[in-house]
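Structural overview
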Amino acid sequence: QVQLAESGGGLVQPGGSLRLSCSVSRFALDYYAIGWFRQAPGKEREGVACISRSENYADSVKGRFTISRNNAKNAVYLQMNSLKPEDTAVYYCATYDSCNRFTQVVPGDWGQGTQVTVSS
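Attention here is on the structure that accompanies the text. These numbers were taken from a predicted model, which means no experiment stands behind them. (Residues numbered from 1 in each chain as written. Predicted model: local features only at pLDDT ≥ 70, side-chain atom pairs only at ≥ 80, totals over all residues. Heavy atoms only, no water.)

1. Some points on the sheet that holds strand E7 (residues 65–70)
Ordered by their spatial adjacency, 4 strands build an open sheet running E1-E3-E8-E7, and the pairing between neighbours is antiparallel. With partners counted over all chains shown, the strands left at the sheet margins are strand E1 (4–7) and E7, one partner each. Looking at each pair of strands side by side, their axes are set apart by 20 degrees on average, direction ignored. Pairing between E1 and strand E3 (residues 18–24): 4 bridges, direction antiparallel. (Pairing = 2+ DSSP bridges. Helix = DSSP H or I, 4+ residues; strand = E, 2+ residues; numbered from the N terminus. Axes fitted to C-alpha atoms, helices over the stretch in contact; angles between N-to-C directions.)

Here it is, written out as structure tokens:
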């Protein structure tokens, strides 16, 4: 099992920004695709973004969110701009075999999640 740990969530006003961090091992960064999914109460898991050799995004966040990695810090980030109330959810970073179908497949491993609340 790969260990992942999310941080950086919080309360932000609509139109604001947050940067989420995911701590993950160097080996996992090299071996797996790393992505973010979110889950709101009463809703199904929604894949948000994924990074391997390139980046992929869900249509709902394209142009607003940016996923990146810093191997020296064993970290993956999710920069979230122009946040909307519908972005409110618990956000998880996770491992995937690839980013090809990350919006459909169940991730291999994920962390404890971090709460993001967008409200005025």
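2. Points about the packing of aromatic side chains
This structure, assessed with the given rule, holds 5 aromatic pairs. Note on Phe 37 and Tyr 92: the rings are 4.9 Å apart at their centroids and 15 degrees apart in plane angle, and the pair reads as stacked. One end of the pair, Phe 37, is in strand E4 (residues 33–39); the other, Tyr 92, is in strand E9 (residues 89–96), and 55 residues separate them in sequence. This pair shows no difference in class: Phe 37 is buried, exactly as Tyr 92 is. Pairing Tyr 96 with Phe 102 gives two aromatic rings, centres 6.3 Å apart and planes at 85 degrees, and the pair type is edge-to-face. (Phe/Tyr/Trp six-rings, centres within 6.5 Å; stacked < 30°, edge-to-face > 60°. Buried < 20%, exposed > 50% of the residue type's maximum accessible area, 1.4 Å probe, protein only.)

3. Describing the environment of Ala 5
Within the secondary structure, Ala 5 sits in strand E1. Here Ala 5 falls in the partly exposed class, since its relative accessible area comes to 35%. Ala 5 sits 53 residues away from Ala 58 along the chain, and the two C-alpha atoms are 22 Å apart. Setting aside residues no more than four positions away along its own chain, Ala 5 makes contact with Ser 21, Cys 22, Ser 23, Cys 93 and Gln 112. (Contact = heavy atoms within 4.5 Å.)

4. Looking at the pattern of salt bridges
Counted by the stated rule, this structure contains 5 salt bridges. A salt bridge links Arg 26 to Asp 30, with the nearest nitrogen and oxygen atoms 3.3 Å apart. Note that Arg 26 and Asp 30 are positioned in helix H1 (residues 26–31) at a spacing of 4 residues, about one turn of the helix. Classification of Arg 26 as partly exposed rests on a relative accessible area of 47%. With its nearest N and O atoms 2.9 Å apart, the salt bridge here joins Arg 38 to Asp 87. One end of the pair, Arg 38, is in strand E4; the other, Asp 87, is in the loop between strand E8 (75–80) and E9, and 49 residues separate them in sequence. Looking at Arg 38, the relative accessible area reads 6%, which means it is buried. The network of salt bridges with common partners includes Arg 38, Glu 46, Arg 64 and Asp 87. (Salt bridge = Lys/Arg side-chain N within 4 Å of Asp/Glu carboxyl O.)

5. Focus: the state of the cysteines
Taken as a whole and assessed by the stated rule, the structure comprises 2 disulfides. Sulfur-sulfur distance for the disulfide between Cys 22 and Cys 93 comes to 2.1 Å. In this structure the cystine formed by Cys 22 and Cys 93 twists about its S-S bond by roughly 70 degrees; its chirality is therefore right-handed. Placement of Cys 22 in strand E3 and of Cys 93 in strand E9 is noted, with a sequence separation of 71 residues between them. Classification of Cys 22 by relative accessible area gives buried; the value is 1%. We classify Cys 93 as buried; its relative accessible area is 0%. The disulfide bridge from Cys 50 ends at Cys 99, spanning 2.0 Å between sulfur atoms. One quick way to see it: the torsion about the S-S bond of Cys 50 and Cys 99 is about -75 degrees, and its sign makes the bridge left-handed. Linking Cys 50 in strand E5 (residues 46–51) with Cys 99 in the loop between E9 and strand E10 (114–118), this pair joins segments that are 49 residues apart in sequence. (Disulfide = S-S within 2.5 Å.)

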